[in-house]
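Structure at a glance
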Amino acid sequence: MTRHFLRDDSITPAEQSEILDLAAELKADRWKDKSLEGPQTVAVIFDKSSTRTRVSFAVGIADLGGSPLIISTANSQLGGKETPADTARVLERQVSAIVWRTYAQEGLEQMAEGTTVPVVNALSDDFHPCQLLADILTIREHKGATQGLTMSFYGDGRSNMAHSYVLSGVMAGMHVRVASPEAYAPRADIVDDAARIAAETGGSLTLMTDPFEAAAGADVMVTDTWVSMGKEEEKLERLRDLGEYKVTTEVMGLAKSDAIFIHCLPADRGFEVDAEVIDGPQSVIWDEAENRLHAQKALLVWLLRQQAA
Ligand code: CP
Ligand code: NVA
């Protein structure tokens, strides 16, 4: 059966755990899985800029014995003359999966509806679920397990990263806190989805406006840029509105003494995070960036297995 990974809750909590176990196996033995042998091609499409996502998918697909086809929408018919569904119908006859970084979540849904191969969200305006697989893997590595940990997100609570932390975090049994101004709180429907998942996993979601309260006793501290791709015109307003929701050394000092700091990158040092925090001893950002490779390889292998089942 064709499965897609369009948002964090496209998979169940048990499936998230299964994919992360596989990611740890593939990290321990990088060359062991050749699921894309042939080589089979995977299309990786970008409407927005990328370093980590582009490199980790290209390298990961090659590691699995496959061939990555990196497409920039600026030079393709998608987004201009052709719909996502029509593009998918063309690609599915030649590639084994489609990975797409785009703006509207609806485009991904239309792509998935129109095809028989797995479609993977490589970041949309609403979610960045591949990043969260890497982040949860990183938290597992540094903390042993995720169940019952407290993870505090700072900044734009309505962003793709915040929404993904909310969903993937509660799926992993964590107590997720989002510290943001009320106007930047996570979308209500995603809060509802998180509550439903949390009831199943024992996790929880708490929305907070006090950045100091949100740090108290946290195991994982996390933030992201205040100006996501596509929001550049709102830059001045966002710097003003989100200025208090910064992971400073003072805020980091309120978390547990063994708390870790994560950030999907790219980072704006001095804005959402102090350089002393992101470049300090509690930061695990380079492990996190590397884990994009292992987590996405596991995701692709898992999706191809579902395809064959
Ligand atoms: N974290 C992340 O997705 O980085 P890129 O924008 O460089 O892909
Ligand atoms: N929220 C950021 C994440 C970048 C990886 C953005 O969408 O630009």
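Residues numbered from 1 in each chain as written. Chains lettered and ligands numbered in written order. Predicted model: local features only at pLDDT ≥ 70, side-chain atom pairs only at ≥ 80, totals over all residues. Heavy atoms only, no water.

1. Examining the sheet that holds strand β7 (residues 204–208)
Strands sit in the order β7-β6-β5-β8-β9 across an open sheet of five strands; the sheet is parallel. In this open sheet, the two edge strands, each paired with only one partner strand, are β7 and β9 (260–263). Strand after strand, the sheet turns through a mean of 20 degrees between neighbouring axes, direction not considered. Where strand β8 (residues 220–223) meets β9, four bridges bridge the pair, whose relative direction is parallel. For Val220, the partnering residue across the bridge sits in β9 and is Ile260. Contacting β5 (150–154), β8 and β9, helix α5 (residues 129–143) crosses the sheet at an angle of about 165 degrees to β9. (Pairing = 2+ DSSP bridges. Helix = DSSP H or I, 4+ residues; strand = E, 2+ residues; numbered from the N terminus. Axes fitted to C-alpha atoms, helices over the stretch in contact; angles between N-to-C directions. Contact = heavy atoms within 4.5 Å.)

2. Thoughts on the side chain of His163
Mapped onto the elements, His163 comes out in helix α6 (residues 160–171). Taking relative accessible area as the criterion, His163 reaches 1% and is therefore assigned buried. Setting aside anything within four residues of it in sequence, one finds His163 in contact with Asp126, Phe127, Gly157, Arg158, Pro186, Arg187 and Ile190. (Buried < 20%, exposed > 50% of the residue type's maximum accessible area, 1.4 Å probe, protein only.)

3. Describing the site of ligand 2
The full set of residues close to ligand 2 is Leu123, Asn160, Asp224, Thr225, Ser228, Met229, Cys264 and Leu265. Asn160 is positioned such that a nitrogen or oxygen atom in its side chain is 2.8 Å from an oxygen atom of ligand 2. In isolation ligand 2 exposes 270 Å². Once the protein is present, 94% of that is buried. (Near = heavy atom within 4 Å. Polar contact = N/O pair within 3.5 Å; in protein donor to acceptor, adjacent residues only side chain to side chain. Areas by Shrake-Rupley, 256 points an atom, 1.4 Å probe, with all protein chains shown as cover.)

4. Considering the pattern of salt bridges
Evaluation of the coordinates by the stated rule reveals 19 salt bridges. For the salt bridge of Arg7 with Asp193, the shortest nitrogen-to-oxygen distance reads 2.8 Å. One end of the pair, Arg7, is in the segment before α1 (13–28); the other, Asp193, is in helix α7 (residues 188–201), and 186 residues separate them in sequence. Considered together, Arg7 and Asp193 belong to a single accessibility category, that of buried residues. Salt-bridge contacts for Asp125 lead to Lys48; the nearest nitrogen and oxygen are separated by 2.7 Å. One end of the pair, Asp125, is in the loop between β4 (119–121) and α5; the other, Lys48, is in the loop between β1 (41–46) and α2 (52–63), and 77 residues separate them in sequence. By relative accessible area, which is 6% here, Lys48 ends up buried. Several salt bridges share partner residues, and in doing so they unite Arg7, Asp9, Asp193 and Arg196 into one network. (Salt bridge = Lys/Arg side-chain N within 4 Å of Asp/Glu carboxyl O.)

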